[in-house]
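One letter stands for each residue in the lines below.
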Amino acid sequence: MDRIQKIIAASGVMSRRRAEELILAGHVTCNGQVCQLGQKAGPEDVICIDGQPLPQKEKNVYIMLNKPRGFVTTLSDEKGRPDAASLVSDCGLRVYPVGRLDMDSEGLLIFTNDGAFANMIMHPSGNIQKTYRVTVRETGIEEKLIKLSEGVKIDSGFVRPVSV
């Protein structure tokens, strides 16, 4: 049993947040009854949005992309910059990036429709070590490397120290 908004997002129809909005607005039913936010359902339940049943779940897809420089890692960019999602838009499925690379960075970026896999890879509790090779054209970098190896405070909290 999973929350209905999670089931809708996993179907690839829309994001979890958009599903939550539609549930709150009364557009989602489960077995003919209007859903409540946080309600759970199982595989035997029929979930409909505005009377239309969810499509059958697609198979999980994993795409490895060598993201070139000049693309932001997002599904769409409010500033109109080229986004990495456009590079995989012809795959025929709603996939999203696992992690981020800066616009001026290039390298491996994984796209998937498998939320559990993405969360396991991205969340610190997964203890998945990532390796980055960086070329720096700046002097005085040693102090910054020491700071990175001690951990960094950002708006959302403290980022664990890394091996530099």
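Here's what I pulled together on the structure shown here. Quick caveat: nothing in here was measured; it's all calculated off a predicted structure. (Residues numbered from 1 in each chain as written. Predicted model: local features only at pLDDT ≥ 70, side-chain atom pairs only at ≥ 80, totals over all residues. Heavy atoms only, no water.)

### Overview of the overall build of the chain
A count of helical and extended segments in the chain gives four helices and 11 strands. By the compact-globule yardstick of 15 Å for 164 residues, the chain is too spread out, its C-alpha radius of gyration being 20 Å. Referenced to the eigenvectors of the C-alpha coordinate spread, the extents of the chain come out at roughly 65 × 35 × 30 Å. Counting across all 164 residues of the chain, residues that qualify as buried make up 26%. (Helix = DSSP H or I, 4+ residues; strand = E, 2+ residues; numbered from the N terminus. Rg over C-alpha atoms; globule rule 2.2 N^0.38 Å. Buried < 20%, exposed > 50% of the residue type's maximum accessible area, 1.4 Å probe, protein only.)

### Observations regarding the nonpolar core
Grouped together as the largest cluster of nonpolar side chains are 13 residues, with contacts concentrated most on Ile4, Ile8, Val28, Ile47 and Ile49. Those elements giving two or more residues to this core turn out to be helix H1 (4–10), helix H2 (16–24), strand S2 (28–30) and strand S5 (47–49). No other element matches the three residues that H2 contributes to this core. Beyond its immediate chain neighbours, meaning those up to four positions away, Ile47 contacts Ile4, Ile7, Ile8, Val28, Thr29, Cys30, Ala41, Gln52, Pro53 and Leu54. Ile63, Leu65, Val95 and Leu109 belong to the second largest nonpolar core, which has nine residues in total. (Core = buried A, V, L, I, M, F, W, Y, C linked by side-chain atoms within 4.5 Å. Contact = heavy atoms within 4.5 Å.)

### A few points about the environment of Gly157
Within the secondary structure, Gly157 sits in strand S11 (residues 157–159). The exposure class assigned to Gly157 is partly exposed, which follows from its relative accessible area of 23%. Separated by 11 residues in sequence, Gly157 and Ile146 place their C-alpha atoms 19 Å apart.

### A look at a nonpolar patch on the surface
A contiguous nonpolar patch, built from Leu145, Leu148, Val162 and Val164 and spanning about 320 Å² of accessible area, is present on the exposed surface. With respect to the helices, strands and loops of the structure, Val162 is situated in the segment after S11. Residue classification places Val162 among the partly exposed positions, given a relative accessible area of 43%. (Patch = residues over 30% accessible without salt bridge, like charges linked within 9 Å, V, L, I, M, F, W, Y side chains within 5 Å. Areas by Shrake-Rupley, 256 points an atom, 1.4 Å probe, with all protein chains shown as cover. Salt bridge = Lys/Arg side-chain N within 4 Å of Asp/Glu carboxyl O.)

### Looking at the pattern of salt bridges
Applying the stated criterion across every chain, the model contains five salt bridges. With a shortest N-O distance of 3.9 Å, Asp2 and Lys6 are connected by a salt bridge. Take Asp2: its relative accessible area is 35%, and that puts it in the partly exposed class. Among the residues examined, Lys6 registers a relative accessible area of 43% and is labelled partly exposed. A salt bridge links Glu106 to Arg69, with the nearest nitrogen and oxygen atoms 3.6 Å apart. Here Glu106, found in the loop between strand S8 (96–98) and strand S9 (107–112), pairs with Arg69, found in the loop between strand S7 (62–67) and S8; they are 37 residues apart in sequence, far enough to count as distant. The exposure class of Glu106 is partly exposed, given its relative accessible area of 48%. Note on Arg69: relative accessible area 56%, which makes it exposed.

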